[in-house]
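Read off the chains here:
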Amino acid sequence: MTLTDLQALEADHVIASYARYPVELVRGEGLRLWDAEGNEYLDFLSGISVVNVGHCHPAVVAAVREQAGRLMHVTNLFYNEPAMRLAGRLARSSLGGKVFFCNSGAEANEAAIKLMRKARPRGEIVVVHGAFHGRTYGALSATPSEAKQAPFAPLVPGFVVVEPTAAAIEAAVGDRTAGVLLEPIQGESGVHQLPVEVLAAARAACDRSGAALIFDEIQTGLGRTGTMWAYEQTGVVPDALTSAKALGGGLPIGALVTGPRLADVFTPGDHGSTFAGGPLIAAAANASLDVLEDPALLVRVGELGERLRDGLRALPGVRNVRGVGLMIAFDVDGAPALVRRALLEQRLVLNATGPETVRMLPALILGEAEVDDALARLAALL
Ligand SMILES: *Cc1c(COP(=O)(O)O)cnc(C)c1O
């Protein structure tokens with residue numbers, strides 16, 4: 001089928017919830033992608049921080065092949081070793097409590113919302129402007145965006161939206177608060193780090209009131225910022241975190257990971273999902289973690305992030321270069337048009353999070369050569 005055939009099928013039969021570029025991708029390896037015409041691309045988006053280990057990482061591919069030939073699905077009425085092992089690894093790498101598996105980031109936040117409300121049946125959940133927590137009803141209700149929310153009213157009640165400041169969060173958290181849900185670095189809003197004093201104020205307010213503090217680490221986690229989890233760099237430890245995106249090495253999985261305090265809030269029957277924690281995806285996730293848990297790789301993420309930000313600061317028209325590790329954004333006039341030209345003229349995959357913001361989320365296995373290559377392709381456009 002040609003691209004024109006695909007576009008005709010889309011026009012007739014695919015619900016138009018995405019605006020696509022006129023490119024059909026057919027193969028990937030590391031930071032490289034190829035389209036149906038054989039053109040090679042340099043990928044600095046990683047499927048929105050999903051393939052942190054690079055496309056088709058050999059260890060992930062081998063694990064999937066092996067597990068697919070053995071057993072793909074059993075339901076959670078039975079044990080499967082890959083999922084139990086993955087839960088142990090996730091908990092031990094972070095908050096030390098227990099894990100609930102699901103299939104996506106939004107689902108991980110749904111689980112977090114239910115957990116907060118069951119742990120402290122007060123109802124209110126405090127979130128901040130600029131947050132993105134997903135598209136399902138609970139997650140959407142926690143995502144204060146007029147454009148995303150308004151067509152779908154009424155939303156889930158009980159979400160309190162405040163500015164991402166210490167004073168606003170302190171004032172909002174009280175007797176009626178079940179919990180506070182925050183991204184340590186807001187991703188979809190254009191890579192905006194919440195200052196440590198804001199996270200610390202949320203922690204203190206939750207400790208004072210008995211509310212739960214949960215970090216959405218769906219984008220920031222799994223090595224993206226140069227540590228396994230972004231909270232490790234803040235000195236603020238949440239009561240639970242949510243993960244997804246890169247967790248499955250390219251396959252769909254989400255997880256809610258608790259600390260000890262929230263580990264036993266859910267009891268049998270409280271929550272569940274047919275596919276969640278299946279052996280195939282858990283095997284992929286374990287293989288992906290083998291790559292990402294390498295301390296040397298995490299150090300490299302920090303170094304290469306610096307190199308990329310330094311290079312971006314030297315480019316004409318580029319403003320407000322920001323980010324931590326390899327979660328990076330900058331402002332530029334006409335960001336969506338620049339991203340389109342980068343793709344079609346320079347074969348460099350980037351992402352615009354808004355009219356003036358370009359985001360970069362390359363695979364964490366890249367090297368200096370790929371950083372410099374991306375900078376050169378970008379420079380050719382500016
Ligand atoms: C991507 C993302 C989500 C939603 O994840 P899905 O898998 O698309 O449901 C939630 N929170 C953050 C911070 C994200 O980056």
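Everything below is about the structure printed above this text.
The text that follows walks through the structure, step by step, so that each part is easy to find. Computed from a predicted structure; not experimentally measured.

1. Things to note about the side chain of arginine 224
1) Next: By the secondary structure assignment, arginine 224 is in the loop between strand E10 (212–216) and strand E11 (240–243).
2) Next: At 2.9 Å, the side chain of arginine 224 and the side chain of serine 49 are in polar contact.
3) Next: Reaching out from arginine 224, the side chain makes a polar contact with the backbone oxygen of leucine 361 at a distance of 3.4 Å.

2. A few points about the packing of helix H4 (residues 81–92) against helix H10 (residues 279–292)
1) Next: Two numbers describe how H4 lies on H10: the axes approach to 8 Å, and their chain directions differ by 40°. Of the possible angle classes, the one that applies to H4 and H10 is oblique. For H4 against H10, the interelement crossing comes out left-handed. Contacts between H4 and H10 involve Pro82, Ala83, Arg85, Leu86, Arg89 and Leu90 from the former and Pro279, Ala282, Ala283, Ala285, Asn286, Leu289 and Asp290 from the latter.
2) Next: The residue inventory of the contact of H4 with H10, partitioned by class, reads 9 nonpolar, 1 polar and 3 charged.

3. Some words on the packing of aromatic side chains
1) Next: With the rule as written, the count across this model stands at 1 aromatic pair.
2) Next: Arranged with centres 6.2 Å apart and planes meeting at 75°, the rings of phenylalanine 100 and phenylalanine 266 form a pair that is edge-to-face. Here phenylalanine 100, found in strand E4 (residues 99–102), pairs with phenylalanine 266, found in the loop between strand E12 (254–258) and H10; they are 166 residues apart in sequence, far enough to count as distant.
3) Next: Here phenylalanine 100 falls in the buried class, since its relative accessible area comes to 17%.
4) Next: Over the ring of tryptophan 34 we find arginine 27; its NZ or CZ atom is 4.0 Å from the centre of that ring.

4. A short note on the sheet that holds strand E13 (residues 319–324)
1) Next: Pairing within the open sheet is antiparallel, and its 4 strands lie in the order E13-E14-E17-E16. Looking at the sheet topology across the chains shown, the edges are occupied by E13 and strand E16 (351–354). Sheet twist, expressed as the mean angle between neighbouring strand axes with direction ignored, is 25°.
2) Next: Sheet analysis places E16 next to strand E17 (residues 357–360), joined by 3 bridges and oriented antiparallel. Pairing of glycine 354 across the sheet is with threonine 357, part of E17.
3) Next: Each of E13, strand E14 (327–331) and E17 is contacted by helix H11 (residues 295–313), which is oriented at about 175° to E13, the strand it contacts most.

5. Quick look at the site of the ligand
1) Next: Taken together, 13 residues sit near the ligand, with Gly105, Ala106, Asp216, Gln219 and Lys245 positioned nearest.
2) Next: Here an oxygen atom of the ligand sits 2.8 Å away from a polar atom, N or O, in the main chain of alanine 106.
3) Next: At 3.2 Å from a nitrogen atom of the ligand is found a main-chain nitrogen or oxygen belonging to phenylalanine 132.
4) Next: For the ligand, whose accessible area on its own is 380 Å², the fraction buried by protein is 81%.
5) Next: Taken atom by atom, the bulk of the ligand overlaps the largest pocket.
6) Next: The element that contributes the greatest number of residues to the shell around the ligand is helix H5 (residues 105–119), accounting for 3 residues.
7) Next: For the shell around the ligand, a count of residues per class yields 3 nonpolar, 6 polar and 4 charged.

6. A closer look at H11
1) Next: Helix length check: H11, at 19 residues, gives a terminal C-alpha distance of 28 Å against a target of 27 Å (1.5 Å per residue), a fit within 8%.
2) Next: Taken as a whole, H11 has its buried residues at Leu297, Leu298, Val301, Leu304, Gly305, Leu308, Arg309, Gly311 and Leu312. When H11 is viewed along its axis, its buried side chains cluster within an angular range of 155° and face the same direction.
3) Next: The inward-facing, buried residues of H11 contact H10, E13, E14, E17 and helix H13 (368–379).
4) Next: Of the residues flanking the start of H11, the one acting as N-cap is aspartate 294, its side-chain oxygen 2.9 Å from the backbone nitrogen of alanine 296.

7. With respect to the nonpolar core
1) Next: Counting 80 residues, the largest nonpolar core has Phe44, Leu182, Leu312 and Phe330 as its most contacted members.
2) Next: With 8 residues, H10 is the largest single contributor of residues to this core.
3) Next: Core analysis: the second largest hydrophobic core is formed by 20 residues, Phe100, Ala111, Met116 and Leu181 among them.

8. Describing the pattern of salt bridges
1) Next: Applying the stated rule across the entire model yields 23 salt bridges.
2) Next: Residue glutamate 29 is joined to arginine 27 by a salt bridge in which the shortest nitrogen-to-oxygen separation is 3.9 Å.
3) Next: Relative accessible area serves as the criterion here: at 49%, glutamate 29 is assigned to the partly exposed category.
4) Next: For glutamate 40, the salt bridge is made with arginine 32, and the minimal N-O distance between the two is 3.2 Å.
5) Next: One connected set of salt bridges, linked through shared partners, spans Arg203, Asp207, Asp239 and Arg261.

9. Section: the sheet that holds E11
Think of a sheet as strands paired side by side through backbone hydrogen bonds, with each pair either parallel or antiparallel.
1) Next: Here we have 7 strands laid out as an open sheet, ordered E4-E12-E11-E10-E7-E5-E6, and mixed in their pairing. Of all strands in the sheet, those bounded by a partner on one side alone are E4 and strand E6 (159–162). Strand-to-strand twist of the sheet, defined as the mean angle between neighbouring strand axes without regard to direction, takes the value 20°.
2) Next: In terms of strand pairing, strand E5 (residues 124–128) meets strand E7 (residues 177–182) through 3 bridges, oriented parallel. Counterpart to valine 126 in the pairing with E7 is valine 180.

Scoring rules and cut-offs
Within each chain, residues carry numbers counting from 1 in the order of the written sequence. Reporting of local features is limited, given that this is a predicted model, to residues whose pLDDT is at least 70; pairs of side-chain atoms are given and counted only at 80 or more, and all residues count toward the totals for whole chains, interfaces and linings. Hydrogens and waters are ignored; side-chain quantities use all the structure's heavy atoms. Secondary structure elements follow DSSP: runs of H or I no shorter than four residues count as helices, runs of E no shorter than two count as strands, and numbering proceeds from the N terminus. Under this definition, polar contacts are N or O atom pairs within 3.5 Å; protein pairs additionally need one hydrogen-donor-capable and one acceptor-capable atom, and for neighbouring residues in sequence, both atoms have to be side-chain atoms. To get an axis, a line is fitted to the C-alpha atoms, and for a helix only the part in contact is used. The angle between two axes follows their N-to-C directions and goes from 0 to 180 degrees. Angle categories: roughly parallel below 35 degrees, roughly antiparallel above 145, roughly perpendicular from 65 to 115, and oblique for all the rest. A clockwise turn of the near helix away from the far one marks a right-handed crossing, whereas an anticlockwise turn of less than a right angle marks a left-handed crossing. In what follows, residue pairs with any heavy atoms lying within 4.5 Å of each other are defined as contacts. We call Asp, Glu, Lys and Arg charged. Ala, Val, Leu, Ile, Met, Phe, Trp, Tyr, Cys and Pro are nonpolar, and the rest, Gly among them, are polar. The criterion for an aromatic pair is that two Phe, Tyr or Trp rings (for Trp, the six-membered ring) have centres within 6.5 Å, with stacked assigned to planes under 30 degrees apart, edge-to-face to planes over 60 apart and tilted to the rest. Only protein chains enter the calculation, and the probe is 1.4 Å; a residue is then buried if its accessible area is under 20% of its type maximum, exposed if over 50%, and partly exposed in between. Over a ring means this: the NZ of a Lys or the CZ of an Arg is within 6 Å of the ring centre and within 35 degrees of the ring normal. When DSSP finds at least two bridges between two strands, those strands are taken to pair. Nearness is defined per residue: one heavy atom within 4 Å of the molecule or strand is enough. Using a 1.4 Å probe, the Shrake-Rupley method yields the accessible areas, and only the shown protein chains count as cover for residues. Think of a 1 Å grid over the protein atoms and nothing else: a 1.4 Å probe that fits but is trapped marks a cavity, an open set flanked by protein within 12 Å on at least five of seven lines marks a pocket, and residues with an atom within 4 Å of a point count as lining. Criterion for pocket placement: a molecule counts as inside a cavity or pocket if more than half of its atoms are within 2 Å of its grid points. Here, expected helix span is obtained from the residue count minus one, scaled by 1.5 Å. In this context, the arc is that of the directions from the helix axis out to the C-beta atoms. Residue types Ala, Val, Leu, Ile, Met, Phe, Trp, Tyr and Cys, when buried and joined through side-chain atoms within 4.5 Å, form a set referred to as a nonpolar core. For salt bridges, the criterion is a side-chain nitrogen of Lys or Arg within 4 Å of an Asp or Glu carboxyl oxygen.

Purely geometric numbers; function is a separate question.
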